[in-house]
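Each chain, letter by letter, is given below.
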Amino acid sequence: MNIRHLHYFQQLAQLQHFAKAANACHVTQPTLSAGISALEKSVDTELVVRGSQFVALTDAGQIMLQYAERMLQEQAALKQELSLFRGQLTGSLRIGIVPQSSIDIMPLIKLFNQAYPNISIKLSVMTNGQLIENLSLHKTDIGLGFDEQLTEANRRSFVFYPQRANQMALLSCDSVDDSASKSLPLADIGTRPLVLLSQNMQFRKYIDNAMAQAGIDFNLVLETDSLFHLIGAVKHGLGSAIVSRGIAESVAQLFGIPYQLLDGVSSGQTVFMTRKHSITPAMKAFMNQLES
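Residues numbered from 1 in each chain as written. Predicted model: local features only at pLDDT ≥ 70, side-chain atom pairs only at ≥ 80, totals over all residues. Heavy atoms only, no water.

As recorded in an unreviewed UniProt entry, the protein chain goes by the name LysR family transcriptional regulator, listed as coming from Shewanella bicestrii. In the Sequence similarities (unreviewed entry) part of its UniProt record, the protein chain is described as follows: "Belongs to the LysR transcriptional regulatory family." (UniProt positions renumbered as here; feature names shortened; annotations may be inferred.)

Written as structure tokens, this is what we have:
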């Protein structure tokens with residue numbers, strides 16, 4: 001079994017397109033197809049359903065993908081371990097975060113970058129469910145999300161680094177009181193035009209539940225998956241946004257948009273999480289930073 005062929009297969013499974021996978025692997029499409037055929041021959045099992053183009057993975061292909069992800073992760077970990085003998089840790093670190101975490105991750109990333117400048121960091125924003133799935137499938141190394149939607153198997157196989165309760169805040173260019181020190185009752189925002197994250201986001205579910213319990217109807221003018229567009233909508237006066245305190249503090253500092261904490265309203269706890277096994281040196285270094 002060739003590790004290069006496993007990489008071809010993993011990219012095809014992710015991109016679901018032969019030409020795109022070949023481009024990602026920097027090979028020709030015939031080379032990629034031949035490599036995957038060789039992989040199928042080595043395990044004597046069909047892994048990919050083919051038509052004129054990619055159709056799907058077979059059931060055996062789905063199982064192979066899980067092992068391929070782990071094997072490629074172990075290869076990356078080995079390369080990082082060996083880089084230490086050359087005096088400087090090299091490689092990559094994949095971090096996944098939910099849009100509304102209780103802390104600003106950038107200071108942590110900057111601190112890590114100063115200590116390990118040869119580690120490239122890929123930061124991806126995703127839903128809480130996607131984050132947990134990607135951690136389980138070895139597609140993400142470290143996650144910052146909510147300690148929810150976890151199976152018992154996840155809880156046994158993950159390590160958690162609790163942070164703090166995710167207090168909510170109202171981000172608005174026309175706040176009735178732009179003092180962040182004075183909290184605002186949830187009832188006071190019932191008539192305001194709101195711009196919110198989409199309903200598939202875990203943070204939005206906390207907002208929906210809080211509003212329902214308070215018997216408050218939404219005056220929703222925009223919902224989006226993008227935190228960038230959410231802030232842009234507030235900046236342009238389209239409406240007010242309910243965000244986490246950490247996001248509100250960062251936005252106030254960067255863009256000068258005032259906020260007020262919402263009285264007695266919070267979401268679940270934001271935690272850093274990672275797997276107990278298949279830990280790379282870069283993952284260890286980042287987790288050690290969290291504990292210091």
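Resuming the write-up.
Student: Help me get a handle on the overall build of the protein chain, residues and values and all.
Tutor: Each helix and strand counted, the protein chain has 11 helices and 10 strands in total. Taken along its principal axes, the extent of the C-alpha atoms in the protein chain is 70 × 50 × 35 Å. A total of 292 residues make up the protein chain; the buried ones form 46% of that total. Just so you have it, the protein chain exposes about 14600 Å², and 51% of that area is on carbon and sulfur atoms. Placing the 23 positive and 24 negative side-chain charges of the protein chain at their respective mean positions leaves the two points 8 Å apart. (Helix = DSSP H or I, 4+ residues; strand = E, 2+ residues; numbered from the N terminus. Buried < 20%, exposed > 50% of the residue type's maximum accessible area, 1.4 Å probe, protein only. Areas by Shrake-Rupley, 256 points an atom, 1.4 Å probe, with all protein chains shown as cover. Lys, Arg positive; Asp, Glu negative; His and termini not counted. Charge placed at Lys NZ, Arg CZ, Asp CG, Glu CD.)

Student: Run through helix α2 (residues 18-25), naming residues and quoting values.
Tutor: Because an α-helix completes one turn every 3.6 residues, residues spaced three or four positions apart along the sequence face the same direction. Taken as a whole, α2 has its buried residues at Phe-18, Ala-21, Ala-22 and Cys-25. Seen from one end, α2 has its buried residues packed into an arc of 100°, which puts them on one side. Residues of α2 that are exposed and point over 90 degrees away from its buried face: Lys-20 and Asn-23. The elements touched by buried residues of α2 are α1 (3-15), α3 (29-43), β1 (48-50) and β2 (54-57). At the exit of α2 stands His-26, carrying a positive phi of roughly 60°. (Arc of directions from axis to C-beta. Contact = heavy atoms within 4.5 Å.)

Student: Outline the nonpolar core, listing residues and values.
Tutor: Judged by nonpolar contacts, the single largest core of 26 residues is most densely connected at Met-168, Leu-186, Ile-189, Ile-242 and Leu-262. Elements that contribute at least two residues to this core include exactly α6 (128-136), β6 (158-171), β7 (194-197), α8 (202-214) and β10 (259-275). If you tally residues by element for this core, the top one is α8, at five residues. Looking at which domains feed residues into this core, each of domain 2 (69-164 + 271-290) and domain 3 (165-268) supplies at least three. Not counting the four nearest positions on each side in its chain, Met-168 is found in contact with Phe-203, Tyr-206, Ile-207, Ile-242, Val-243, Leu-261, Leu-262, Val-265, Ser-266 and Ser-267. Membership of the second largest hydrophobic core comes to 20 residues, among which are Ile-103, Ile-105, Leu-108 and Ala-285. (Core = buried A, V, L, I, M, F, W, Y, C linked by side-chain atoms within 4.5 Å. Domains from an automatic or database assignment.)

Student: Could you give an account of the pairing of strand β5 (residues 142-146), with specific residues and numbers?
Tutor: Burial of β5 is extensive: five of the five residues sit out of reach of the surface. Inspection of the sheet shows strand β3 (residues 91-97) paired to β5 by three bridges, in the parallel sense. Bridge pairing links Ile-95 to Ile-142 in β5. As defined by bridge partners, β5 adjoins β10 across five bridges and the pair is classed as antiparallel. For Gly-145, the partnering residue across the bridge sits in β10 and is Val-271. (Pairing = 2+ DSSP bridges.)

Student: Which residues make up helix α9 (residues 227-235), and what are the values?
Tutor: Within α9, the full set of buried residues consists of Leu-230, Ile-231, Ala-233 and Val-234. Buried residues in α9, looked at end-on, bunch into an arc of 155°, giving them a common side. The N-cap residue of α9 is Ser-226: its side-chain oxygen and the backbone nitrogen of Phe-228 are 3.3 Å apart. Of the residues flanking the end of α9, it is Gly-237, one or two places downstream, whose phi is positive at about 75°. (Polar contact = N/O pair within 3.5 Å; in protein donor to acceptor, adjacent residues only side chain to side chain.)

Student: An account of the domain arrangement of the protein chain is needed here, citing residue identities and associated values.
Tutor: Domain parsing of the protein chain yields domain 1 (3-58), domain 2 (69-164 + 271-290) and domain 3 (165-268). One C-alpha centre belongs to domain 1, the other to domain 2, and the line joining them spans 27 Å. Contacts between domain 1 and domain 2 engage four residues on the former and four residues on the latter. Summing the contributions of domain 1 and of domain 2, the shared interface buries around 410 Å²; its carbon and sulfur component is 75%. Looking only at domain 1, the three residues that lose the most surface to domain 2 are Ile-3, Leu-6 and Gln-10, adding up to 83% of its buried area. Inspection of the domain 1/domain 2 interface yields one residue pair in polar contact (both at pLDDT 80 or more). (Buried area = accessible area lost by both parts, 1.4 Å probe.)

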